[in-house]
Amino acid sequence: MNLFQRPRRNRKSAALRAMVRETELRPSDFVYPLFFHDGTEDEAIESMPGCQRWALEGLVREAGEAHALGIPAVILFPAIAKDRKTPGAEESYNPEGLVPRAVRALKAAQPSLVVITDVALDPYNSDGQDGLVARKEDGSIRILNDETVEILCRQALSHAEAGADMVGPSDMMDGRVAAIRSALDAASFEETSILSYTAKYASAYYGPFRGALDSAPKDGDKKTYQMDPGNIQEAIRELLLDEEEGADMVMVKPAGPYLDVISALREATTLPVAAYQVSGEYLMIKSASAGGWLDEEAVVCESLTGIKRAGADVILTYFAKEVAQRLG
Ligand code: PBG
């Protein structure tokens, strides 16, 4: 045995391991996704144990607590009342709608908090699709691209007017980043950033989220706009387009099952890369540890470290607050 090389020497104590650790989580890595509704009571979300559908007051309090722990940003997901959901998703660009009101309240209470909004039609659309739906003669559906992009621009503008720091188009329509950039610039919102959901896969891991917002597609699936899980070259294609179209940050979603995509994007771009540990990833850890089968704290930390090690500069996770609490 030639043992001049003993890698274990660098692992022999906690202090030494801390010295040579390559990837470490910080509270400033995280974006905290928050659900909220127009009611007066905070509600537990059945499909996502430990998460709440906040009333506005609770939302502002929760975001403030997260920010105080060093989390720089939140991203907002509204639960829209059923009677406001329409085929044309008109509520999505209502300047007095739930999201603009939440943005104003959050920015008034926490001016230094980065407030990100989700731009897509699914919470507002009675069809539960991210875009407008046309029905073909045989009853099947088609998602209209360019007509949807026009609405997304109005939606992004209503968020920017309310004071959002960043808008996050999650709809996967073609050309939407460029269109939103032009619309924002034309209205003098050149400082409003765009976080593009660049490689958003048609994933079964979104199930619990759709339960939280009652936003599951009524008909069909999202495979004509969200990406096929088998593809990675296509993620690079989307990246190149988003760069050209003016995205400030690009995202891979989900995160854990797509670490190779995160790495590929990190290698291919100089923009910050975000990754979204989605509701299904959250629920798998939560439910396995609720049964006593997994050590929740340890698995959460390991899963997020893996996402960061793969190349994510920013991580969206429902665990953000509890991890920041532990790191602090
Ligand atoms: C909607 C949207 C979804 C998520 C974020 N924005 C669901 C979907 O596309 O069906 C999923 C987030 C999660 O699962 O945590 N445009």
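Our subject is the structure that appears above.
Here the structure is a predicted model, which means the values were calculated and not measured.

**Q** Would you mind showing me how to read helix α4 (residues 145–162) here?
**A** For α4, spanning 18 residues, the distance from its first C-alpha to its last is 26 Å, which sits close to the expected 26 Å at 1.5 Å a residue. Residues of α4 that are buried: Thr148, Val149, Ile151, Leu152, Cys153, Gln155, Ala156, Ser158, His159, Ala160 and Ala162. Considering only its buried residues, α4 is in contact with α3 (98–109), β5 (114–119), β6 (132–135), β7 (141–144), β8 (166–169) and α5 (176–186).

**Q** Whenever I open this one, the packing of aromatic side chains confuses me. Can you help?
**A** Each aromatic ring pair is specified by the distance between its two centres and by the angle formed by the two planes. Evaluated as defined, the whole model comprises ten aromatic pairs. Taking 5.6 Å as the distance between ring centres and 65 degrees as the angle between the ring planes, the aromatic pair formed by Tyr282 and Tyr318 counts as edge-to-face. Taken as a pair, Tyr282 in helix α9 (residues 279–290) and Tyr318 in the loop between β12 (314–317) and α11 (320–327) lie far apart in primary sequence, 36 residues in all. Taking relative accessible area as the criterion, Tyr282 reaches 2% and is therefore assigned buried. Given the relative accessible area of 6%, Tyr318 is considered buried. For the pair Tyr282 and Phe319, a centre-to-centre distance of 4.7 Å together with 40 degrees between the ring planes defines the contact as tilted. With Tyr282 in helix α9 and Phe319 in the loop between β12 and α11, the pair connects residues that are 37 residues apart, well separated along the chain. Through a chain of ring-to-ring contacts, three or more aromatic side chains come together here, namely Phe35, Phe77, Tyr197, Phe209, Tyr276, Tyr282, Tyr318 and Phe319. One residue, Arg154, lies across the ring of Tyr93, its end atom 4.0 Å from the ring centre.

**Q** Even after reading the chapter, I still don't get the site of the ligand, so can you show me in this structure?
**A** What surrounds the ligand is a group of 18 residues, the closest being Lys200, Arg210, Lys222, Lys253 and Tyr318. One nitrogen or oxygen atom from the side chain of Asp122 is found 3.2 Å from a nitrogen atom belonging to the ligand. Here Tyr318 contributes a side-chain N or O atom positioned 2.6 Å from an oxygen atom of the ligand. Taking 400 Å² as the accessible area of the ligand by itself, protein coverage stands at 100%. Here the residues of the shell around the ligand sort into eight nonpolar, three polar and seven charged.

**Q** Just to check I follow, could you spell out the pairing of strand β10 (residues 249–253) for this structure?
**A** Looking along a regular strand, one sees side chains alternate from face to face of the sheet. For β10, a buried count of five out of five residues is recorded, marking the element as mostly surrounded by other parts of the structure. Here β10 shows two buried faces, one formed by Met249, Met251 and Lys253 and the other by Val250 and Val252. Bridge analysis of strand β9 (residues 193–200) against β10 gives four bridges, and the strand direction is parallel. Looking across to β10, one finds that Lys200 is bridged to Lys253. The pairing of β10 with strand β11 (residues 273–277) spans three bridges and is classified as parallel.

**Q** What is the right way to read the packing of α4 against α5 from this model?
**A** The axes of two packed helices give the description: the angle between them and the distance between them. Relative orientation of the contacting elements α4 and α5 amounts to 45 degrees, with a least axis distance of 9 Å. Taken as axis vectors, α4 and α5 run oblique relative to one another. Remark: the crossing between α4 and α5 carries right-handed chirality. Residues Val149, Leu152, Cys153, Ala156, Leu157 and Ala160 of α4 lie in contact with α5, whose contacting residues are Arg176, Ala179, Ile180, Ala183 and Leu184. Class assignment for the residues of the contact of α4 with α5 results in ten nonpolar, no polar and one charged.

**Q** Explain a positive patch on the surface to me, please; I cannot follow it from the model alone.
**A** Together, Arg6, Arg8, Arg9, Arg11 and Lys12 give the surface a local cluster of positive charge. Its location among the elements puts Arg8 in the segment before α1 (14–20).

**Q** How should I be thinking about the pairing of β11 in this particular structure?
**A** Within β11, five of the five residues are buried, which leaves the element mostly enclosed by the surrounding structure. Across the two faces of β11 the burial is the same, with Val273, Ala275 and Gln277 and Ala274 and Tyr276 all buried. The β-α-β motif built from β10, the intervening helix α8 (residues 259–268) and the parallel element β11 has right-handed crossover chirality. Pairing of β11 with β12 involves four bridges; the strand directions are parallel.

**Q** What should I look at first to understand the pattern of salt bridges in this one?
**A** A side chain of one charge can pair with a side chain of the opposite charge if their charged atoms are brought near each other. Taken as a whole, this structure holds 24 salt bridges when the rule is applied. Arg26 is the salt-bridge partner of Asp29, the closest N and O atoms lying 3.3 Å from each other. On the basis of relative accessibility, which here comes to 1%, the residue Asp29 falls in the buried class. Under the relative-accessibility criterion, Arg26 is labelled partly exposed at 47%. Taking the shortest distance from any N to any O, the salt bridge between Arg135 and Asp219 comes out at 2.8 Å. Of this pair, Arg135 sits in strand β6 while Asp219 sits in the loop between α6 (207–213) and α7 (233–245); the two residues are 84 residues apart in sequence, bridging distant segments of the chain. The class of Arg135 is partly exposed, set by a relative accessible area of 49%. Shared partners join several salt bridges into a network, and the residues in it are Lys286, Glu296, Glu297, Glu322 and Arg326.

Each value, and the rule that gives it
- Residues numbered from 1 in each chain as written.
- Predicted model: local features only at pLDDT ≥ 70, side-chain atom pairs only at ≥ 80, totals over all residues.
- Heavy atoms only, no water.
- Helix = DSSP H or I, 4+ residues; strand = E, 2+ residues; numbered from the N terminus.
- Expected span 1.5 Å × (residues − 1).
- Buried < 20%, exposed > 50% of the residue type's maximum accessible area, 1.4 Å probe, protein only.
- Contact = heavy atoms within 4.5 Å.
- Phe/Tyr/Trp six-rings, centres within 6.5 Å; stacked < 30°, edge-to-face > 60°.
- Lys NZ or Arg CZ within 6 Å of the ring centre and 35° of its normal.
- Near = heavy atom within 4 Å.
- Polar contact = N/O pair within 3.5 Å; in protein donor to acceptor, adjacent residues only side chain to side chain.
- Areas by Shrake-Rupley, 256 points an atom, 1.4 Å probe, with all protein chains shown as cover.
- Nonpolar A, V, L, I, M, F, W, Y, C, P; charged D, E, K, R; others polar.
- Pairing = 2+ DSSP bridges.
- Axes fitted to C-alpha atoms, helices over the stretch in contact; angles between N-to-C directions.
- Parallel < 35°, antiparallel > 145°, perpendicular 65-115°, else oblique.
- Left-handed = near helix turned anticlockwise from the far one by under 90°.
- Patch = residues over 30% accessible without salt bridge, like charges linked within 9 Å, V, L, I, M, F, W, Y side chains within 5 Å.
- Salt bridge = Lys/Arg side-chain N within 4 Å of Asp/Glu carboxyl O.
- Lys, Arg positive; Asp, Glu negative; His and termini not counted.
- Charge placed at Lys NZ, Arg CZ, Asp CG, Glu CD.
- Right-handed = clockwise from strand over helix to strand, strands pointing away.

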